[in-house]
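# Examining the three-dimensional arrangement
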Amino acid sequence: MSEHESNFRDLAARLPASMAAHVPPADLWPRIAATHSQRRQQRRRRRLAAGGGVFALIAALAFTTISWRHAAPAIDWQARAQALELQLDAMPTPAASDPLAQLAESELAHLDGNLQAAYDRGAAPRDLDPLWQRRSELLDALLSVRRQQVLSSRI
Amino acid sequence: MTLARAQRGDMAAFEEIYRRYGRACFQLTLRLTGQRQAAEDLVHEAFLKMMDTIVSYRGEAPFGAWFKRLTANVGIDWLRRQRHAADTGAEAMFEQTAAADPDPAGLVDADSLLAHLPPRARAIVVLHELEGYTHAELAALFGQSESYSKSILARALKRLHALAATAASTSRVAL
């Protein structure tokens, strides 16, 4: 190919300007605008429908969760604490007390005082429940320390 | 200012963009397709696409260049959808159109010369020679190698020069 053939711009420059009117039809923009508006409305409708669907799903989930919560039996912290205390009593008393166990025992004694005071003033179950829950947790911790001590003494 | 309004979905701003770029967009699609109706459809498609994606335009390139590229991509997608522009080798592509002997009287300007190229060759000439696409970019756009794009371009330019020479000699005879 010769050098003058290598470029379309050069060729186009040697030819007369295009005779055809390269102008889009006058109604093209109104058509584009109409399609765009139509699509926007469709999207809005779809979003509304999807939003409605999501709302219904959330509502259904919330309803199920609330129903489940109401249906789920509440933990009887008092009974749990008493059961743990029985387990603790059944364990051998360690020769030397662990600092963690001492801490738990001291908090237990303080908590027992609070519990007694609550019963004395005729506290409602919803006020007593957190105290029994805390007692249950402390007994659980104490039980773990004692188990660890038993294991260590066997080794 | 107009772009910011367009990014908020303001129809008046879109109309302003159309007034400014609609003609250039149409000329590009017309050159790519060689068909007025197809060119209109592609302008329609390119503007709708622009209106949907203008939110993502961050101003890294001038808006005109960004929109031109979007239009070119719409044109290439159209070419891919055309059965007659299906992937064929350079040889076969030009053989298919060689059979149709154009009327030299119709070869009056560059655009009418372009109309006598196979669709994909026409797109490569327009994008490379007029829109500044590199062979690497064209290769990626058409899913071909760079040498494919170079080969099509070389053959297309040869064909265009031959057509121009035919037209020139005919007009001389006529004179």
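In the block above lies the structure referred to throughout.
In short, a report on the structure. (Residues numbered from 1 in each chain as written. Chains lettered and ligands numbered in written order. Predicted model: local features only at pLDDT ≥ 70, side-chain atom pairs only at ≥ 80, totals over all residues. Heavy atoms only, no water.)

Let's shift gears to the overall build of chain B. Regarding its fold elements, chain B presents nine helices and zero strands. In sequence order, chain B lays out its α and β elements as α-α-α-α-α-α-α-α-α. Looking at chain B as a whole, 46% of its 175 residues are labelled buried. Considering only contacts in chain B between residues 6 or more positions apart, those separated by 24 or more positions represent 64%. A total of about 8400 Å² of accessible surface is found on chain B, and carbon and sulfur atoms cover 53% of it. (Helix = DSSP H or I, 4+ residues; strand = E, 2+ residues; numbered from the N terminus. Buried < 20%, exposed > 50% of the residue type's maximum accessible area, 1.4 Å probe, protein only. Contact = heavy atoms within 4.5 Å. Areas by Shrake-Rupley, 256 points an atom, 1.4 Å probe, with all protein chains shown as cover.)

Attention now moves to the interface of chain B and chain A. Each partner contributes residues to the interface: chain B has 33 residues there, and chain A has 30 residues. Counting the surface lost from both chain B and chain A, the interface buries some 3000 Å², and carbon and sulfur atoms represent 65% of this. Taken as a group, Tyr18, Leu48 and His161 of chain B account for 20% of the area that chain B buries against chain A, more than any other trio of residues on that side. Counting across the chain B and chain A interface gives two salt bridges. (Buried area = accessible area lost by both parts, 1.4 Å probe. Salt bridge = Lys/Arg side-chain N within 4 Å of Asp/Glu carboxyl O.)

Phe8 and Ile32 of chain A together with Phe47, Met50, Phe67 and Leu160 of chain B are the most contacted members of the largest nonpolar core, which has 59 residues in total. Looking at this core, the element that brings in the most residues is helix 2 (residues 11-33) of chain B, giving 10 residues. In this structure, leucine 160 of chain B is in contact with Phe8 and Leu11 of chain A together with Leu113, Leu114, Leu117 and Val125 of chain B, ignoring residues within four places of it in sequence. Counting residues in each nonpolar core, the second largest holds 21 residues, with Trp77, Ala101, Leu111 and Val145 of chain A among its members. (Core = buried A, V, L, I, M, F, W, Y, C linked by side-chain atoms within 4.5 Å.)

By the definition in use, this model includes 16 salt bridges over all chains. For aspartate 52 of chain B, the salt bridge goes to arginine 43 of chain A, with nearest N and O atoms at 3.0 Å. Of this pair, aspartate 52 of chain B sits in helix 3 (residues 36-53) while arginine 43 of chain A sits in helix 2 (residues 28-71), which puts the two residues in different chains. The partner of glutamate 131 of chain B in a salt bridge is lysine 68 of chain B, with the nearest N and O atoms 3.0 Å apart. One end of the pair, glutamate 131 of chain B, is in the loop between helix 7 (119-130) and helix 8 (135-142); the other, lysine 68 of chain B, is in helix 4 (residues 63-81), and 63 residues separate them in sequence.

Residues and elements named next belong to chain B. In this fold, arginine 122 is placed in helix 7. Side-chain polar atoms of arginine 122 contact the backbone oxygen of arginine 31, separated by 3.4 Å. A distance of 3.3 Å separates the side chain of arginine 122 from the backbone oxygen of leucine 117, its partner in a polar contact. Once residues lying within four places of it in the same chain are set aside, the contact partners of arginine 122 are Arg31, Leu32, Thr33, Gly34, Leu114, Ala115 and Leu117. (Polar contact = N/O pair within 3.5 Å; in protein donor to acceptor, adjacent residues only side chain to side chain.)

With 23 residues, helix 2 of chain B should reach 33 Å at 1.5 Å per residue; the first-to-last C-alpha distance of 28 Å falls well below that figure. Two or three places before alanine 12 of chain B, at the opening of helix 2 of chain B, aspartate 10 of chain B has a side-chain oxygen 2.9 Å from that residue's backbone nitrogen. (Expected span 1.5 Å × (residues − 1).)

Another aspect to go through is the packing of helix 3 of chain B against helix 4 of chain B. Residues and elements named next belong to chain B. Between helix 3 and helix 4, the shortest axis-to-axis distance is 9 Å and the interhelical angle comes to 125°. What the angle tells us is that helix 3 and helix 4 run oblique. The chirality of how helix 3 crosses helix 4 is right-handed. Here Ala38, Leu42, Glu45, Ala46, Phe47, Lys49, Met50 and Thr53 of helix 3 come into contact with helix 4, specifically with Phe63, Trp66, Phe67, Leu70, Thr71, Val74, Gly75, Asp77, Trp78 and Arg81. In terms of residue class, the contact of helix 3 with helix 4 is made up of 11 nonpolar, three polar and four charged. (Axes fitted to C-alpha atoms, helices over the stretch in contact; angles between N-to-C directions. Parallel < 35°, antiparallel > 145°, perpendicular 65-115°, else oblique. Left-handed = near helix turned anticlockwise from the far one by under 90°. Nonpolar A, V, L, I, M, F, W, Y, C, P; charged D, E, K, R; others polar.)

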